[in-house]
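Commentary on secondary and tertiary structure
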Amino acid sequence: MRSAPIDFSRILVCQLSLLGDVLLATPAIECLARAYPGAEIHVLTDTRAAPLLENNPHITRIHAVNAADTTGIVRALRIALRMTRSMRFDLVVDYQRTVLTRIVAMLSGAQVRIADTSGLHLRPFYTHMVTRRPGYAARSKVDLLAPLGFEWQGERPRIYLDEGDRAEALTELDALFSGEASRGGEVPVAEQNAEAGGAVVGQDEEHGSAAGSRRGAWRGRLVSVDPTQARPCRRWPEERFARLLAMVWRAHPELVFLLLHGPGEEEIVQAVHSAAVEQGVPAASIRYAAQPLPLRTAAACIEAAVLHVGNCSLPRHLAVATSTPSLTVMGPTDEASWTYPWSVWGGEPHEAAMSPLSCAPCAVAGSKGDCGEPLCMEALEVDAAYSALERVLSAAEGGAT
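Just so you know, the residues in each chain are numbered from 1, in the order the chain's sequence is written. With the structure being a predicted model, the display of local features is reserved for residues of pLDDT at least 70 and the display and counting of side-chain atom pairs for 80 or more, all residues being used for whole-chain, interface and lining totals. Each side-chain value is derived from all of the structure's non-hydrogen atoms; neither hydrogens nor water enter the calculation.

1. Regarding the overall build of the protein chain
Secondary structure follows DSSP: runs of H or I at least 4 residues long count as helices, runs of E at least 2 residues long count as strands, and numbering of each begins at the N terminus. The helix and strand inventory of the protein chain stands at 15 helices and 14 strands. For each residue, the accessible area found with a 1.4 Å probe, counting protein chains only, is set against the maximum for its type, and the residue is called buried under 20%, exposed over 50%, and partly exposed in between. Split into buried and exposed, the 401 residues of the protein chain put 55% on the buried side. Within the protein chain, contacts between residues separated by at least 24 positions form 68% of all contacts whose residues are at least 6 apart in sequence. In the form shown here, the protein chain has an accessible surface area of approximately 16,300 Å², with 51% of it arising from carbon and sulfur atoms. Every residue pair with non-hydrogen atoms within 4.5 Å of one another is taken to be in contact. Residue-level accessible areas treat just the shown protein chains as cover; the underlying method is Shrake-Rupley with a 1.4 Å probe.

Next comes the structure, spelled out in structure tokens:
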């Protein structure tokens with residue numbers, strides 16, 4: 001990274017959504033903080049994403065708004081006026097170019113306002129329009145700072161967890177894998193698993209597993225699993241996740257699995273849980289919380305895991321942010337865009353199992369998105385994903401750097 005030619009004192013980074021994109025913006029924020037150590041760095045983001053930025057030492061202030069309420073010009077103008085009346089900015093970096101962020105950029109008073117190359121109608125809002133290179137998304141976000149002389153040097157996304165976050169995760173995991181009530185006693189784990197068709201803790205001795213029989217039994221053995229995805233065409237079938245976990249458990253019976261889910265995704269994890277138990281995974285070795293975990297608690301659980309496995313969604317970025325090895329099953333999404341290039345920059349392994357279809361991936365840089373069909377995810381076989389998973393485990397055990 002070259003020294004930036006202008007000394008900024010107050011910087012605004014605009015990244016409202018999605019959750020993964022907010023986390024992937026943290027390397028750019030880190031670069032700005034290093035280049036301008038005396039500057040205040042403010043971030044305009046969605047209320048739902050704000051927990052991902054809490055405790056970040058590079059951020060002075062988080063301006064959290066409900067992004068869904070900012071699409072109208074009148075509401076956006078009110079928010080922008082409230083922000084810019086109380087403070088002025090020297091630099092605005094806008095990753096989204098929404099109605100709100102455009103108005104904020106215009107009213108900010110910033111001498112430098114940077115955004116993605118786009119239509120001519122956006123040029124009045126910005127001083128610099130940048131074309132970002134295809135490739136890893138965090139690098140692409142740093143590319144937006146090119147007018148200031150920045151170059152990505154392998155900085156990875158980061159979430160800054162504290163002891164409170166880790167204590168909450170410890171409590172949750174102990175409750176889940178010791179057979180006690182989860183989420184503060186709201187729903188007993190044994191009860192939720194029975195409802196999902198699984199065996200109750202203490203009744204799976206016939207499987208030869210003592211997993212979950214005592215507190216802390218999951219330590220050093222936990223695999224976090226995210227079988228969810230908001231877009232069905234990017235979600236691997238639940239039955240295949242279950243078969244994969246069964247194959248992993250047969251080869252590594254000491255491992256236990258935590259199924260992660262968000263609001264409205266309970267049926268997905270229930271289906272994976274039931275199918276995995278039918279495939280032979282002891283119910284005591286595969287758990288999920290009755291309610292979605294808070295973002296920071298989920299991140300702390302992933303940090304405590306020896307491996308993360310899932311679809312291409314926020315948890316796989318949390319795995320990179322917490323230095324947990326990961327395997328992602330991918331179809332329409334581009335491996336180069338969404339997988340941290342650890343083989344180049346070092347660290348723990350992060351790999352992807354890709355669909356074999358010739359048309360995949362279709363959601364690549366410059367495209368309008370994926371085709372919306374689940375064909376490529378359905379074409380990805382369990383054996384291929386298992387082989388990739390074993391490579392990740394082998395690399396992690398070998399201390400890959």
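2. Overview of the side chain of His308
Secondary-structure assignment places His308 in strand β12 (residues 307–311). Counting of polar contacts relies on pairs of N or O atoms within 3.5 Å, with two restrictions inside protein: one atom must be capable of donating a hydrogen and the other of accepting it, and residues adjacent in sequence are counted only when both atoms are side-chain atoms. Within the structure, the side chain of His308 is placed 2.8 Å from the side chain of Ser224, a separation counted as a polar contact. The residues contacting His308, other than those within four sequence positions of it, are Ser224, Val225, Asp226, Leu260, Ile302, Pro315, Arg316, Ala319, Thr324, Pro325, Ser326 and Leu327.

3. What to know about unusual backbone geometry
Going from Ser17 to Leu18, the amide bond is cis rather than trans, its omega being -5°. Structurally, Leu18 is set in the loop between β1 (10–14) and α1 (19–24). Between Ala360 and the following residue, Pro361, the backbone shows a cis peptide bond with an omega angle of -5°. Structurally, Pro361 is set in the loop between β14 (350–354) and α14 (375–379). One non-glycine residue, Asn55, adopts positive backbone phi at about 70°. Inspection of the secondary structure puts Asn55 in the loop between β2 (40–46) and β3 (61–65). A positive phi angle, close to 60°, is found at Arg97, a residue other than glycine. By the element assignment, Arg97 lies in the loop between β4 (91–94) and α4 (99–107).

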